[in-house]
Amino acid sequence: MSLQAGIVGLPNVGKSTLFNALTAGGAAAANYPFCTIDPNVGIVFVPDERLQQLNAVQPTQKILPAAVEIVDIAGLVRGASKGEGLGNQFLGHIRATDAILHVVRCFDDADVVHVDGGPNPDRDIDTIDTELILADIDTAQKRADKCRKNAKAGDKDPLFHLNVAERLVAHLDSGKTARAGDWTSDEWASIKECQLITAKPTLYVCNVDENGLGAADNAYVLAVRKRAAAEGARVVVLCAKVEAEVSELPEEDRPSFLADLGIVEPGLAALAREAYTLLGLQTYFTCGPKEIRAWTVPVGCKAPQAAGVIHTDFERGFIRAEVYGVADLVAAGSEAQLKATGKMRVEGKEYVVRDGDVMHFRFNV
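Residues numbered from 1 in each chain as written. Predicted model: local features only at pLDDT ≥ 70, side-chain atom pairs only at ≥ 80, totals over all residues. Heavy atoms only, no water.

## What to know about the packing of aromatic side chains
Here comes step 1: This structure, assessed with the given rule, holds 3 aromatic pairs.
Here comes step 2: Ring centres 5.8 Å apart and planes at 90° place the aromatic pair Tyr 284 and Phe 361 in the edge-to-face group. Placement of the pair is Tyr 284 in strand β8 (residues 281–287) and Phe 361 in strand β12 (residues 357–363), with a sequence separation of 77 residues.
Here comes step 3: By relative accessible area, Tyr 284 is classed as buried at 0%.
Here comes step 4: Taken together, the aromatic side chains of Tyr 284, Phe 318 and Phe 361 make up a single cluster linked through ring pairs.
Here comes step 5: Sitting over the ring of Phe 107, Arg 105 keeps its end group 4.6 Å from the ring centre.
Here comes step 6: Here Arg 293 stacks its cationic end above the ring of Trp 295, 4.0 Å away from the centre of that ring. (Phe/Tyr/Trp six-rings, centres within 6.5 Å; stacked < 30°, edge-to-face > 60°. Helix = DSSP H or I, 4+ residues; strand = E, 2+ residues; numbered from the N terminus. Buried < 20%, exposed > 50% of the residue type's maximum accessible area, 1.4 Å probe, protein only. Lys NZ or Arg CZ within 6 Å of the ring centre and 35° of its normal.)

## Structural notes on the nonpolar core
Here comes step 1: Grouped together as the largest cluster of nonpolar side chains are 51 residues, with contacts concentrated most on Leu 18, Ile 70, Leu 101 and Leu 271.
Here comes step 2: Top contributing element to this core by residue count: helix α10 (residues 267–278), with 5 residues.
Here comes step 3: When near neighbours in sequence (up to four residues on either side) are disregarded, Leu 271 contacts Leu 18, Leu 22, Leu 101, Leu 203, Val 205, Val 236 and Leu 238. (Core = buried A, V, L, I, M, F, W, Y, C linked by side-chain atoms within 4.5 Å. Contact = heavy atoms within 4.5 Å.)

## Overview of the pattern of salt bridges
Here comes step 1: Per the counting criterion, the structure on display carries 21 salt bridges.
Here comes step 2: Among the ionic pairs, Asp 355 bridges to Arg 50, the shortest N-O distance being 3.1 Å. In this pair, Asp 355 sits in the loop between β11 (345–347) and β12 while Arg 50 sits in helix α2 (residues 49–57), placing the two residues 305 residues apart along the sequence.
Here comes step 3: Notably, a salt bridge pairs Glu 231 with Arg 227, separated by 3.4 Å at the nearest N-O pair. Of this pair, Glu 231 and Arg 227 both sit in helix α7 (residues 219–231), separated by 4 residues, roughly a single helical turn.
Here comes step 4: The exposure class assigned to Arg 227 is buried, which follows from its relative accessible area of 16%. (Salt bridge = Lys/Arg side-chain N within 4 Å of Asp/Glu carboxyl O.)

## Some words on the sheet that holds strand β4 (residues 67–72)
Here comes step 1: Sheet architecture is open: 6 strands sit in the order β2-β4-β1-β5-β6-β7, paired in mixed fashion. Looking at the sheet topology across the chains shown, the edges are occupied by β2 (40–45) and β7 (234–238). Pairwise comparison of adjacent strand axes, ignoring direction, gives a mean angle of 25° for this sheet.
Here comes step 2: Where strand β5 (residues 99–105) and strand β6 (residues 202–207) come together, 6 bridges link them in parallel fashion. Across the sheet, the residue bridging to Leu 101 is Leu 203, located in β6.
Here comes step 3: Sitting on the sheet, helix α1 (residues 15–23) is in contact with β1 (4–8), β2, β4, β5, β6 and β7, with an inclination near 45° to β2.
Here comes step 4: Running over the sheet, α7 touches β5, β6 and β7 and is turned about 175° from β6. (Pairing = 2+ DSSP bridges. Axes fitted to C-alpha atoms, helices over the stretch in contact; angles between N-to-C directions.)

So, in structure tokens, the structure goes:
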């Protein structure tokens, strides 16, 4: 799927360093504002131990994990909504993404310039949120003006959308993000039509230095966690500089390097998984002697649509799906034994795919 998560934050918080580590994309990373102007797009593979579990039972020639698209967007500054620092251009890049990875600087370093003098997570997050809210106010006001014209005819739906739009403008004017509002499902559906930046799901990424990788969070990270808890958002803590170093090491050298730092797995593994979930995605698998592959579908996807991710003919001619779980295959020891014990289910067109399903599709075109 082509859903994208955009990396945002103030200049010099480590966004491009993080992007390079995530994607090995070679994005420019330097100690001055607006090093990134055009958005860099990279593909990040999502670590999933279930792929190796499948391979242990059904050895294959090739293993293909799920992936998510990450966009590195230039740093925003105060006044971006009015065009400061190429703000209008950068805000447009954010609007085009489906979710936000908000990188917050959580370390002190006199050698790395901070646009506001020094790290302060609450202030830094407020700076970004304020600019995004101001941009959304303009969008919401235009939506209200359009609904107002349509409502003059007295139609019910335009009146409903007008009411939502006017409440939304007032909500944003109070300094709150769209996602922080108390909306019904119908109102939220109306708001989503506006394509507001602050309606996008957000993950906070705390960029710490090497000393911040210990078991205890530093004061900056604690401030971000408090903020995220109030918003119902999630947090990932990592050191972009260390992650960049890890990404440049040979695979066989990475475990010992991480062990020396007291890290079980790269922070990027957790970030990739969180970004995947943030985008509302889940995984099903196909498993055979030539390849084991993780396929990406939205949560709530039905079997024919899941088949269509492989090929449109699979969806068009869908008959049924043979489905089982990874744990069932591991317990059975083989697919043949799985079938013999009745653990392979046959599902039809209304079956809602579950994360971790292994699926074989039967179709006719």
